[in-house]
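Residues per chain, in single letters:
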Amino acid sequence: MKAPVVLFGGQSLSPYAVKPLIQGCSALSFEIERARSFPNVSEVYLLLQDTFDDEFIPPQCKVIRKSRWTLRDLLETLVEISREQDFLYFAWADCPLLDPSLTSAMVERHLRWAAEYTFADGWPYGFAPEILAPSTAAILLSIYKNSTAHIASQEQQKNSDGTAFGRTAISRDALFQVLQKDINSFDIETEIAPVDLRPYRLTLAADSKRNYLLLQRLINAGLDRAELAPEILEGHPELLRTLPAFYQIQVSRPCPQLCSFCPYPQFGNPRLPASPSEDFMSKSTFESLLDRIVEFSGDAVIDISLWGEAALHPDIKDLMGSVLRRPELALIVETSGIGWISSHIEELAAVVKYDPQPLRGPNKLPPLSWIVSLDARNGERYQEIRGAGFEEAYHFAEILLQHFPGAVYVQAIRVKGSEDDMEQFYRYWKALGAEVIIQKYDYFAGFLPQKRAGDISPLIRQPCWHLQRDMAVLLDGTVPLCKEDVSRTRILGNVFNDSLASIWESAQELYLEQSHKEYSGICKDCDEYYTFNF
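Residues numbered from 1 in each chain as written. Predicted model: local features only at pLDDT ≥ 70, side-chain atom pairs only at ≥ 80, totals over all residues. Heavy atoms only, no water.

## What to know about the nonpolar core
Judged by nonpolar contacts, the single largest core of 89 residues is most densely connected at W370 and F404. Ranked by residue count, the leading element in this core is helix α14 (residues 390–403), at 7 residues. Setting aside residues up to four positions removed in sequence, F404 forms contacts with I345, L348, A349, V352, L368 and W370. (Core = buried A, V, L, I, M, F, W, Y, C linked by side-chain atoms within 4.5 Å. Buried < 20%, exposed > 50% of the residue type's maximum accessible area, 1.4 Å probe, protein only. Helix = DSSP H or I, 4+ residues; strand = E, 2+ residues; numbered from the N terminus. Contact = heavy atoms within 4.5 Å.)

Structural data, given as structure tokens:
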């Protein structure tokens, strides 16, 4: 039998994929070594960009290069490689922990049931390849051509310099995304993990500084095959707190509304008027902080809406542009939808449309995503919860949907007695094409009265996601324990005086306590520990 291995690096491999990781070997080199031990391997193909340095290409690989890979290019290449083969392995070229034993079990299942597509489920990403029958790539290509004409048309568009633009980035689950469009037509087999490890949300790929550090830690802890993962992850949760991935930054003090579900009116003095020199973070200060974030975390999601209304910042377009100019960063704007200048929205939409980096940050988000907090479909209820501004806020959200398709979320907080309005809210916005967030009520660890509609917390408490991956920065640079710590019971440092590394380290002890099921301070009564930001 003959089965080629196709390793995809055409999305511009991270420098961490070729940095020494295991006994002097890079993630790429180690992955190829492991892939050669898969059953019935005939050839190992590397799909790379033209700019990839030959120095880092291991010997005895067949290399296919393109200046820019699209999903159509990838599928066409898989079709060619799979000709006269018995099956095909596919994985990304930065996964050093691909497991030959797990893969062998998948191959046995794939051949026994004559599957067209086989994958592993329940393990962290990076342990197993996808397996395709010889005909599957051609079928996927046909589905892609027939059902994604709008994507194909984007691939034909050109900038003034002749380069392509559009949201054509290839995601790690791209093959399955195409397969899902006609999933009932495929014979699919799944190798299911004995312990579901998906709640850890891990990516075992050397695609960022954060995940490179994670791989180093797990490998040093003895993780070299999938079957050891449950024991190591459960026994060493402290290894998973690597670098902050989500930065919530307050850039504005004032807010046009005094929302009844928000603690800010009680502690933040949100009322107008405001002084530009005192009540807004300056452009230079903000840009300096962004540079330090990139240096420390490598990549990150930046949310400029910790407290206050970002739209009121006199230089808000420039601040947003500062994030968009840094390809390592994805930008989130949470807003009331009040106070925005329409020309700014149009200009930002144009910037995003031509952005050469269509997926960014740890979770591969669009460059700019919006969350509009509306909280009600009924105008009277809106007035009761948020105050004036219903028409302006709704109109703003509708404008965003035109300019940022697929990157606009409308949000409402679910509380006792609001179910009827929540259903109307959901149906209205889904019909318009928005992503809808029905948010759990947050009582800020007892700062606000408890009004939640139901308890959806896990049966077994886990270490807090926010301690593991978030950093909150107030207008004066203060870093509280987290967003929930509105009374500033524990200050980790100040970004204008301290290094990000020292601030991050200040919460390590508390995270270790939670890893051992010990909860103190405001964490003891907090129910936000299981919520996960972008």
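## Considerations on the pattern of salt bridges
Applying the stated criterion across every chain yields a total of 29 salt bridges. The partner of K317 in a salt bridge is E347, and the shortest N-O contact between them spans 3.2 Å. Here E347 lies in helix α12 (residues 342–353) and K317 lies in helix α11 (residues 316–324), a separation of 30 residues in the sequence. A salt bridge links R427 to E423; the shortest N-O distance between them is 3.1 Å. Taken as a pair, R427 and E423 lie in helix α15 (residues 419–431) at a separation of 4 residues, close to a single helical turn. The exposed category is assigned to R427, whose relative accessible area is 56%. E423 gets classed as partly exposed once you look at its relative accessible area, which sits at 44%. Residues joined in a network through salt bridges with shared partners are K440, R452, D455, D527 and E528. (Salt bridge = Lys/Arg side-chain N within 4 Å of Asp/Glu carboxyl O.)

## Here we look at the pairing of strand β11 (residues 300–303)
Along β11, one buried face is formed by A300 and I302 and the opposite face, lined by V301 and D303, is buried too. Note: strand β10 (residues 246–249) against β11, 3 bridges, orientation parallel. Note on β11: the bridge partner recorded for F246 is V301. Judged from the 4 bridges that link them, β11 and strand β12 (residues 329–335) form a sheet pairing that is parallel. The partner of A300 across the bridge, within β12, is L329. In this fold, β11 hands off to α11, which returns the chain to β12; that crossover is right-handed. (Pairing = 2+ DSSP bridges. Right-handed = clockwise from strand over helix to strand, strands pointing away.)

## Remarks on the packing of aromatic side chains
The description of an aromatic ring pair rests on the distance of the ring centres and on the angle between the ring planes. Inspection of the entire model under this criterion finds 28 aromatic pairs. For the ring pair Y117 and F176, a centre distance of 6.0 Å and an interplane angle of 35° mean the geometry is tilted. Taken as a pair, Y117 in strand β7 (residues 117–121) and F176 in helix α6 (residues 174–180) lie far apart in primary sequence, 59 residues in all. Look at Y117 and you get buried, because its relative accessible area is 2%. Residue classification places F176 among the partly exposed positions, given a relative accessible area of 21%. Residues W370 and F404 carry aromatic rings whose centres are separated by 5.6 Å and whose planes lie at 55° to one another, so their mutual orientation is tilted. (Phe/Tyr/Trp six-rings, centres within 6.5 Å; stacked < 30°, edge-to-face > 60°.)

## Section: helix α10 (residues 283–297)
With 15 residues, α10 should cover 21 Å at 1.5 Å per step; its first-to-last C-alpha distance of 21 Å lies within 8% of that length. Buried within α10 we find F286, L289, L290, I293, V294, F296 and S297. (Expected span 1.5 Å × (residues − 1).)

## Details of the packing of α14 against α15
In contact at an axis separation of 11 Å, α14 and α15 are set at 35° when each is read in the N-to-C sense. For the pair α14 and α15, the contacting residues are Y394, A397, E398 and L401 in the first and F425, Y428 and W429 in the second. Class assignment of the residues belonging to the contact of α14 with α15 gives a composition of 6 nonpolar, no polar and 1 charged. (Axes fitted to C-alpha atoms, helices over the stretch in contact; angles between N-to-C directions. Nonpolar A, V, L, I, M, F, W, Y, C, P; charged D, E, K, R; others polar.)

## Here's the deal with the environment of F296
Among the structural elements, F296 can be located in helix α10. As for F296 and D196, which are separated by 100 residues in sequence, their C-alpha atoms are 32 Å apart. The contacts of F296, once residues within four sequence positions are left out, are K209, L243, P244, Y247, L500, A501 and W504.

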